[in-house]
Amino acid sequence: MQKALVASAALILGMGFSLADDQPVTVQIVDALNKVYGVHPGFRANHAKGIVAEGTFQAAPGASDLSIAAIFDGSTIPVTVRFSDSGGVPNIPDGSKIALPHGMAIKYHLKDGSETDMVLVSLKFFPIATGEDFRDLLLAIAASPPSAPHPTQLELFFKSHPAALPALATALPIDSFADEQYNGLDAFVFVDKSGKKQAVRYIMAPEKIVHIGADEAAKEPPDYLLNDLAARLSKGPVVFHLKAQLADPGDQTKDPTEPWAADRKVVELGMLTITKVDPDSLNAQKKLLFLPGALTSGIEESDDPLIDVRDGAYVVSYGRRSQ
Ligand code: HEM
């Protein structure tokens, strides 16, 4: 899948940067991100500022009962992790409101030389359910500067998409990338050894969650989250617990604006131990491409259309930032 996507990026790259309606929605989204945040050569169109770290993942006993995926076989799996601020501005202050939600992307390096990714954020549910709505949200932001007459395009968007504003409000400022929970939001499907399927949503839980006030975050130095991670790792590892929320048979899996009931079972999948920041993080992140649809046998896409839209848009962004 990843190879096919990178190949299609080469095609898309030749198609120009205009906001024309006849472009694929993935190109329109990246154009809209560039419109909101500006073009910053060499950086991601979204989640432009980040830090790369290294570590390992070790599955919990029982994870392999849910999925035959190689990441759950009990071996110690090397991982590359990237924590990030939202938005396409590479020097955004970490404590800025528009740096929310924070992101965590994980690449698992499997024994057979292949890779599988998870791409998570600190929202509890997602503001929109389709690629077109994501594009329209960005265009509404671009069309709603402080001087815009009321109701602004953004106010109208929030009115017609009732999940959007409450979803955005679920991401809070943090004292450290290590002290936040990151969520997968899009559903994926585990396949066990008998072929039985179970829809899941990922939760990456820290040892403790520490949220701080927006005013406090705004007073922090611009790179406080990046610096904090390096400082913590110089003293010892940072640990997260990967968990899965399990859907009940009737739960919908196609719409990440709708969380599943809070009483759905949550199971432990394993421990992620981060040991060091990549000494050449800035260069490392330029080469890295995390894709929510880069899966391994035993984990499948659900019917959530955002997974393919995201894959496409990430590849367009990767193509442009690699030029
Ligand atoms: C239609 C929905 C979405 C679109 C169009 C979109 C678009 C993008 C784009 C273009 C990038 C830059 C990719 C790159 O250059 O490598 C990106 C990065 C990212 N996105 Fe999304 N996104 C969407 C939804 C989500 C969701 C649902 C999550 C998490 C649950 C998420 C988490 C992230 C993270 C963590 C990154 C940074 C990845 C990295 O560190 O390389 N996004 N997104």
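Residues numbered from 1 in each chain as written. Predicted model: local features only at pLDDT ≥ 70, side-chain atom pairs only at ≥ 80, totals over all residues.

A. Region of interest: the pairing of strand E2 (residues 76-84). Most of E2 is tucked away: seven of the nine residues are buried. With six bridges connecting them, E2 and strand E3 (residues 103-109) associate as antiparallel partners. Across the sheet, residue Ser84 finds its bridge partner in E3, namely Gly103. (Buried ≥ 20, exposed ≤ 12 C-beta atoms within 10 Å, placed from the backbone. Helix = DSSP H or I, 4+ residues; strand = E, 2+ residues; numbered from the N terminus. Pairing = 2+ DSSP bridges.)

B. Focus on the site of the ligand. Near the ligand lie 33 residues; those nearest to it are Arg44, His47, Gly103, Phe134 and Ser317. Put simply, the parts of the chain that give the shell around the ligand at least two residues each are helix H2 (25-37), E2, E3, strand E4 (115-121), helix H4 (131-142) and helix H10 (306-321). Counting residues per element, the shell around the ligand draws most heavily on H10, which supplies eight residues. Of the residues that constitute the shell around the ligand, the class distribution is 20 nonpolar, eight polar and five charged. (Near = placed C-beta within 6 Å. Nonpolar A, V, L, I, M, F, W, Y, C, P; charged D, E, K, R; others polar.)

C. Up close: the confidence of the model for the protein chain. Taken as a whole, the protein chain shows an average pLDDT of 94; of its residues, 93% reach a score of 70 or greater. Within the model, pLDDT remains below 50 along residues 1-19, and this stretch shows 24 contacts once partners closer than five positions in the same chain are excluded. (pLDDT = per-residue confidence, 0-100. Contact = placed C-beta atoms within 7 Å.)

D. Helix H8 (residues 224-235), seen in detail. An ideal rise of 1.5 Å per residue puts 16 Å on 12 residues; H8 measures up with 17 Å between its terminal C-alpha atoms. For H8, the complete set of buried residues consists of Leu225, Asp228 and Leu229. Down the axis of H8, the buried side of the element spans an arc of 100°, and every buried residue falls inside it. Looking at H8, the residues exposed on the side facing more than 90 degrees away from the buried face are Ala231 and Ser234. Looking at the buried residues of H8, the elements they touch are strand E1 (50-59), E2 and strand E9 (266-277). (Expected span 1.5 Å × (residues − 1). Arc of directions from axis to C-beta.)

E. Region of the structure containing the packing of H4 against helix H5 (residues 153-160). H5 packs onto H4 with a crossing angle of 150° between their chain directions and a minimal axis gap of 7 Å. Relative to H5, the element H4 is oriented roughly antiparallel. On H5, the residues touching Asp136, Leu137, Ala140 and Ile141 of H4 are Gln153, Leu154 and Phe157. When its residues are assigned to classes, the contact of H4 with H5 shows five nonpolar, one polar and one charged. (Axes fitted to C-alpha atoms, helices over the stretch in contact; angles between N-to-C directions. Parallel < 35°, antiparallel > 145°, perpendicular 65-115°, else oblique.)

F. How the structure looks around unusual backbone geometry. Here the residue pair Leu100 and Pro101 is connected by a cis peptide bond, since its omega of 0° sits within 30 degrees of zero. Among the structural elements, Pro101 can be located in the loop between E2 and E3. Look at the link from His150 to Pro151: it is a cis peptide, with omega at -5°. Position of Pro151 relative to the elements: it lies in the loop between H4 and H5.

G. Structural view of the environment of Glu155. On the secondary structure map, Glu155 appears in helix H5. Classification of Glu155 by C-beta neighbours within 10 Å gives partly exposed; the count is 14. The sequence separation of Glu155 and Leu168 amounts to 13 residues, and the corresponding C-alpha distance is 14 Å.

H. Summary view of the environment of Asp186. With respect to the helices, strands and loops of the structure, Asp186 is situated in the loop between strand E5 (182-183) and strand E6 (188-191). The contact partners of Asp186, leaving out residues within four places of it in the chain, are Pro256, Pro292, Asp304, Leu306 and Ile307.

I. Spotlight on the pairing of strand E7 (residues 197-206). In terms of burial, E7 is a largely internal element, seven of the 10 residues being buried. Examined bridge by bridge, E5 and E7 share two bridges and lie antiparallel to one another. Within E7, the residue paired with Tyr182 across the bridge is Met204. Strand direction decides the pairing type here: E6 and E7, joined by four bridges, are antiparallel. Each bridged residue has a counterpart across the sheet, and for Phe190 the counterpart in E7 is Gln198. Between E6 and E7, which follow one another and run antiparallel, lie five residues, and Gly195 among them has a positive phi close to 90°. In terms of strand pairing, E7 meets strand E8 (residues 238-246) through seven bridges, oriented antiparallel. Bridging across to E8, Ile203 finds its partner in Lys243.

J. Just H4, in detail. When the terminal C-alpha atoms of H4 are compared, their 17 Å separation across 12 residues agrees well with the 16 Å that a helix rising 1.5 Å per residue should span. When H4 is considered as a whole, its buried residues turn out to be Gly131, Phe134, Arg135, Leu137, Leu138, Leu139 and Ala140. On its buried side, H4 packs onto H2, H5, helix H6 (164-168) and H10.

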